[in-house]
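Survey of secondary and tertiary structure
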Number of protein chains: 2
Amino acid sequence: MLLDDRKKRILEAVIEEYNATAEPVGSGKIASDYNLGFSPATIRNEMANLEEMGFLEQPHVSAGRIPSSSGYRFYIDSIMKEKTLSPKEKQIIDDVLKEDVIKFDSLIKEASNILARITNYTSIAVGPQMNNCTVEEIKLVKLGQDRLMIVILADNGIIKESIIKYDGILPEENIQIFNTYLNQKLKGLNFEQIYENINAYVEDELYNISTNVIPLVNELNSLLIDKNVDIHMEGTKNLLELPELKQTNTLKNFLNILETQDALKELINNGYDGNVNVYIGQENAFEDLKDFTIITYKQKINDKELGTIGLIGPKRMDYKKVIPIIKYVGDALQEKMKQGGSFDGREQSDES
Amino acid sequence: MLLDDRKKRILEAVIEEYNATAEPVGSGKIASDYNLGFSPATIRNEMANLEEMGFLEQPHVSAGRIPSSSGYRFYIDSIMKEKTLSPKEKQIIDDVLKEDVIKFDSLIKEASNILARITNYTSIAVGPQMNNCTVEEIKLVKLGQDRLMIVILADNGIIKESIIKYDGILPEENIQIFNTYLNQKLKGLNFEQIYENINAYVEDELYNISTNVIPLVNELNSLLIDKNVDIHMEGTKNLLELPELKQTNTLKNFLNILETQDALKELINNGYDGNVNVYIGQENAFEDLKDFTIITYKQKINDKELGTIGLIGPKRMDYKKVIPIIKYVGDALQEKMKQGGSFDGREQSDES
DNA sequence: TTTAGCACTAAAAACCATTGAGTGCTAACA
DNA sequence: TGTTAGCACTCAATGGTTTTTAGTGCTAAA
């Protein structure tokens, strides 16, 4: 045990107080408001110790202490007790996910949406990386006079779809033939694998049908690797009121990060699976997020990745409440996706 | 002519200067930097006149003047000369829209994207109101073991699509039959009209096929009226640095409006068609947007609405540059959509 | 008709003293 | 021996005063 009981209780008190006020907390406040049974002087000593150990920080000599990232880390791992959700909260979550939505993207966005609403932080939702999916089925559908819809069903149950101009030179009967041909050739193959050398798979017979299938093949290919998987965010404005962003440049840089998204994607894809991951302050590599925490929960069913939901909030967020919430929502979402699909968890569409 | 030439030139100078600095501009500055050939005292007199006429305002007695909304309005309508885009700017725009994207939503987002990048303001993109569209074609497509895709092609060329769980009780042959049936019944009908009483159209024969088509019919119906048409925004962060948002609450309220979107939608749908609409300051009804201007350009081909692109920026935006840009982008977009479709401008998909 | 000159105004900046919330250390205490 | 009262000390925050600055409007002269 790294910390004795008294230190733990003091660290906890400092964190609770700091979370509530966002101001450095002094020994007097702890002594008077959290009756631990010690005088300010004693608490002062312990705080000095905790600071030496790296769990607390002091902005300047005559100020109180604020918890450091390792302080929070220790708190989350070894001190706090997760709250259980209130029946009302559960109710709200269940209600939202009980709706008859079965489109994958709607589902994950709904889940993220509710996270933002319940926690009052910013929530994120990202679709899955499809690189390692395999093709289960391809459908070509003629629409109106002049368009063709390409639909790809992946083995994780996600559907990608796109529409191209159909120039009419490819005779309608041939669409069926080409459709069958594509399925024969590509079914069971890995998305990335196809993407990198689609010509090797279809070029031979390509011209036997018509040179006009080239744009079709191109579009199909670009459907496989969606380069701009973007991150859906909800409740950005929840964060803007935070004192953490009151310094002039922080806000700008902060929103820059949120808008750029690249870095966020990186982070989100790193989460180890099936459980909640918490990145506190500098643990998340961006200087401008040093006062923020990102929590992610990667959705996975039977080893198939189905996207990630997450939260961004201030470092001083109410972990013992927020963590159970994201767990609950994530579990419910996963459950919903599982029962939605009939054999291996498939039951989604995906915007393309 | 409402204003004599001297007043015009002074008003123009004040606007140019204020646009550049966001500070009230004084007579001295104008006299020294814009050589109009008058002393500060003369300019001071004219400014007092312009203020009386409502074109300028004065924050307090010992400050310079800032242009009022009607000042800007007059400037846009009667003073400024639109700049022509540089070949480089045209190039950038053309390049983006030359890409082989033919999905409607991608196109309009690309266009909005480039607006934000070139102007450094926030751009918006909204899909069209579909209420007055009519059904041109409906397709039901079986996907994998257990899902059914519903596709609706509207008469403006936009495609709506959704996926539902297919419980297998409806025999596969019947899908075709039901598909044909739906087309017979609904083709040519107005979206809103169908939405309000779909049962009247299909209920009779509904149960003859299977009660299991009910969820299908429901989903089809909800596809018709997409209640959450959301606004795509790009470059929100461009605005955050503006001094206009430096007062404490403004920022929060401002982002609130952007996030709520309802009000924005309202505004955007009001634009008179086929041309650029400029809403300056209080012209746009939201107290918290009083220091901002919204410019919209509603896309329309052969009387079919295809969405709107727009810009949000500070009232003091560089109109003579920005207006030609949105015109150019809007025209290019419209052209692209026109040539994309073969007969009446159809060539898009739509995320559902 | 224009402009130089000047008194006047109000915000912003600079200055300065005071307050207050906190500390660390020491010596006394249970 | 661990705890605490007491106290000197630090430094940001507050608030009031003064100074500076950027502008004005008006008047009288060119």
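Residues numbered from 1 in each chain as written. Chains lettered and ligands numbered in written order. Predicted model: local features only at pLDDT ≥ 70, side-chain atom pairs only at ≥ 80, totals over all residues. Heavy atoms only, no water.

Observations regarding the overall build of chain A
Helix and strand counts for chain A come out as 14 helices and 10 strands. Per-residue burial over chain A gives 55% buried out of 352 residues. Restricting the contact set of chain A to residue pairs at least 6 apart, pairs at least 24 apart contribute 64%. Carbon and sulfur atoms make up 45% of the accessible area of chain A, which amounts to about 15,100 Å² in all. (Helix = DSSP H or I, 4+ residues; strand = E, 2+ residues; numbered from the N terminus. Buried < 20%, exposed > 50% of the residue type's maximum accessible area, 1.4 Å probe, protein only. Contact = heavy atoms within 4.5 Å. Areas by Shrake-Rupley, 256 points an atom, 1.4 Å probe, with all protein chains shown as cover.)

Here we look at the sheet that holds strand E8 (residues 276-280) of chain A
Two modes of strand pairing occur in sheets, parallel and antiparallel, and in both the strands are linked by backbone hydrogen bonds. Residue and element names in this part refer to chain A. Taken in spatial order, the five strands line up as E7-E3-E10-E9-E8 in an open sheet, and their pairing is antiparallel. Lying at the two open borders of the sheet, with one neighbouring strand each, are strand E7 (232-234) and E8. Along the sheet, successive strands turn relative to each other by an average axial angle of 20°, direction set aside. As judged from the five bridges shared by strand E3 (residues 122-126) and strand E10 (residues 304-314), these two strands associate in the antiparallel manner. In the sheet register, Ile-124 faces E10, and the bridge partner there is Gly-310. Together, E3, E8, strand E9 (292-301) and E10 form the strand contacts of helix H13 (residues 262-270), whose direction differs from that of E9 by roughly 55°. (Pairing = 2+ DSSP bridges. Axes fitted to C-alpha atoms, helices over the stretch in contact; angles between N-to-C directions.)

Details of the packing of helix H5 (residues 87-98) of chain A against helix H6 (residues 104-119) of chain A
The description of two packed helices rests on the angle between their axes and on the distance between the axes. Residue and element names in this part refer to chain A. Orientation of H5 relative to H6, taken along the N-to-C sense of each, is 155°, at an axis distance of 10 Å. When the interaxial angle is binned, H5 and H6 end up roughly antiparallel. Note on packing geometry: the crossing formed by H5 with H6 is right-handed. Contacts from Glu-89, Ile-92, Ile-93, Val-96 and Leu-97 in H5 reach Leu-107, Glu-110, Ala-111, Ile-114, Arg-117 and Ile-118 in H6. Looking at side-chain class alone, the contact of H5 with H6 contains eight nonpolar, no polar and three charged residues. (Parallel < 35°, antiparallel > 145°, perpendicular 65-115°, else oblique. Left-handed = near helix turned anticlockwise from the far one by under 90°. Nonpolar A, V, L, I, M, F, W, Y, C, P; charged D, E, K, R; others polar.)

A look at the confidence of the model for chain A
Residue and element names in this part refer to chain A. When pLDDT is averaged along chain A, the result is 85; 88% of the residues meet or exceed 70. Across chain A, element-level confidence peaks in strand E2 (residues 66-67) with a mean pLDDT of 97 and bottoms out in helix H9 (residues 198-209) with 71. For residues 341-352, every residue scores under 50 in pLDDT, and the model assigns this stretch 58 contacts once sequence neighbours within four places are set aside. (pLDDT = per-residue confidence, 0-100.)

Overview of the protein's contact with DNA strand C
In the vicinity of DNA strand C lie 20 residues, with Ser-27 and Arg-65 of chain A together with Thr-42, Val-61 and Ser-62 of chain B positioned nearest. Near-protein atoms of DNA strand C (within 4 Å) split between backbone and bases, with sugar and phosphate holding 74%. Within the contact set of DNA strand C, a phosphate oxygen lies 2.8 Å away from a side-chain nitrogen or oxygen of Arg-65 of chain A. Ser-62 of chain B places a side-chain nitrogen or oxygen 3.3 Å from a sugar or linking oxygen of DNA strand C. Mapped by element, the contributors of at least two residues to the surface near DNA strand C are helix H3 (40-52) of chain A together with helix H3 (40-52) of chain B. Tallying contributions element by element places H3 of chain B first for the surface near DNA strand C, with four residues. A per-class count over the surface near DNA strand C returns six nonpolar, 10 polar and four charged. (Near = heavy atom within 4 Å. Polar contact = N/O pair within 3.5 Å; in protein donor to acceptor, adjacent residues only side chain to side chain.)

Thoughts on the sheet that holds strand E4 (residues 135-143) of chain A
All names here are of chain A. One open sheet accounts for three strands, arranged E4-E5-E6; its pairing is antiparallel. Both edges of this open sheet fall to E4 and strand E6 (159-165), since each of them pairs with a single strand only. Strand-to-strand, the axes of this sheet are offset by a mean angle of 15°, without reference to chain direction. As judged from the seven bridges shared by strand E5 (residues 147-154) and E6, these two strands associate in the antiparallel manner. Along E6, the bridge assignment pairs Val-151 with Glu-161. Each of E4 and E5 is contacted by helix H7 (residues 172-186), which is oriented at about 170° to E4, the strand it contacts most. Lying over the sheet, helix H10 (residues 214-224) contacts E4, E5 and E6, oriented at roughly 35° with respect to E5.

Focus: the protein's contact with DNA strand D
Taken together, 19 residues are adjacent to DNA strand D, and Arg-6, Thr-42 and Ser-62 of chain A together with Ser-27 and Arg-65 of chain B come closest. In the interface set of DNA strand D, defined as its atoms within 4 Å of the protein, sugar plus phosphate atoms amount to 75%. In the environment of DNA strand D, a base oxygen lies 3.3 Å from a nitrogen or oxygen atom belonging to the side chain of Arg-44 of chain A. At four residues, H3 of chain A tops the list of elements feeding residues into the surface near DNA strand D.

So, the packing of helix H1 (residues 5-21) of chain A against H3 of chain A
Residue and element names in this part refer to chain A. At a closest axis distance of 10 Å, the pairing of H1 and H3 adopts a crossing angle of 90°. Relative to H3, H1 is oriented roughly perpendicular. Of H3, the residues touching H1 (which contributes Arg-6, Lys-7, Ile-10, Leu-11 and Val-14) are Thr-42, Ile-43, Glu-46, Met-47, Asn-49 and Leu-50. In terms of residue class, the contact of H1 with H3 is built from six nonpolar, two polar and three charged.

Things to note about the side chain of Asn-190 of chain B
All names here are of chain B. Structurally, the position occupied by Asn-190 is in the loop between helix H7 (172-186) and helix H8 (191-196). Assessed through its relative accessible area of 18%, Asn-190 is described here as buried. At 2.9 Å, the side chain of Asn-190 and the backbone nitrogen of Glu-192 are in polar contact. In this structure the side chain of Asn-190 is engaged in a polar contact, spanning 3.1 Å, whose partner is the backbone nitrogen of Gln-193. In contact with Asn-190, not counting residues within four places along its chain, are Asn-131, Asn-132, Cys-133 and Thr-134.

Re the domain arrangement of chain A
Under the domain assignment used here, chain A contains domain 1 (5-79), domain 2 (87-129 + 230-344) and domain 3 (135-227). Domain 1 of chain A and domain 3 of chain A are separated by 61 Å when their C-alpha centres are compared. (Domains from an automatic or database assignment.)

A few points about the packing of aromatic side chains
Applying the stated criterion across every chain yields a total of eight aromatic pairs over all chains. Aromatic side chains Phe-254 of chain B and Phe-292 of chain B sit 4.5 Å apart centroid to centroid with 25° between the ring planes, which places their arrangement in the stacked category. Of this pair, Phe-254 of chain B sits in helix H12 (residues 248-260) while Phe-292 of chain B sits in strand E9 (residues 292-301); the two residues are 38 residues apart in sequence, bridging distant segments of the chain. Judged on exposure class, the residue Phe-254 of chain B and its partner Phe-292 of chain B are both buried. Over the aromatic face of Phe-38 of chain A sits the side chain of Arg-6 of chain A, whose NZ or CZ is 4.8 Å from the ring centroid. (Phe/Tyr/Trp six-rings, centres within 6.5 Å; stacked < 30°, edge-to-face > 60°. Lys NZ or Arg CZ within 6 Å of the ring centre and 35° of its normal.)

Overview of unusual backbone geometry
Although it is not a glycine, Ala-22 of chain A adopts a positive phi angle of roughly 65°. Classification of Ala-22 of chain A by relative accessible area gives buried; the value is 16%. Although it is not a glycine, Asn-120 of chain B adopts a positive phi angle of roughly 65°. Following the sequence through the fold, Asn-120 of chain B ends up in the loop between helix H6 (104-119) and strand E3 (122-126).

A short note on the pattern of salt bridges
This model, assessed by the stated rule, comprises 30 salt bridges over all chains. The salt bridge involving Arg-6 of chain B is made with Glu-46 of chain B; its shortest N-O contact spans 2.8 Å. Taken as a pair, Arg-6 of chain B in helix H1 (residues 5-21) and Glu-46 of chain B in helix H3 lie far apart in primary sequence, 40 residues in all. A relative accessible area of 32% means that Arg-6 of chain B is categorised as partly exposed. Each of the salt bridges in this network shares a partner with another, and the network as a whole consists of Asp-4, Arg-6, Lys-7 and Glu-46 of chain A. (Salt bridge = Lys/Arg side-chain N within 4 Å of Asp/Glu carboxyl O.)

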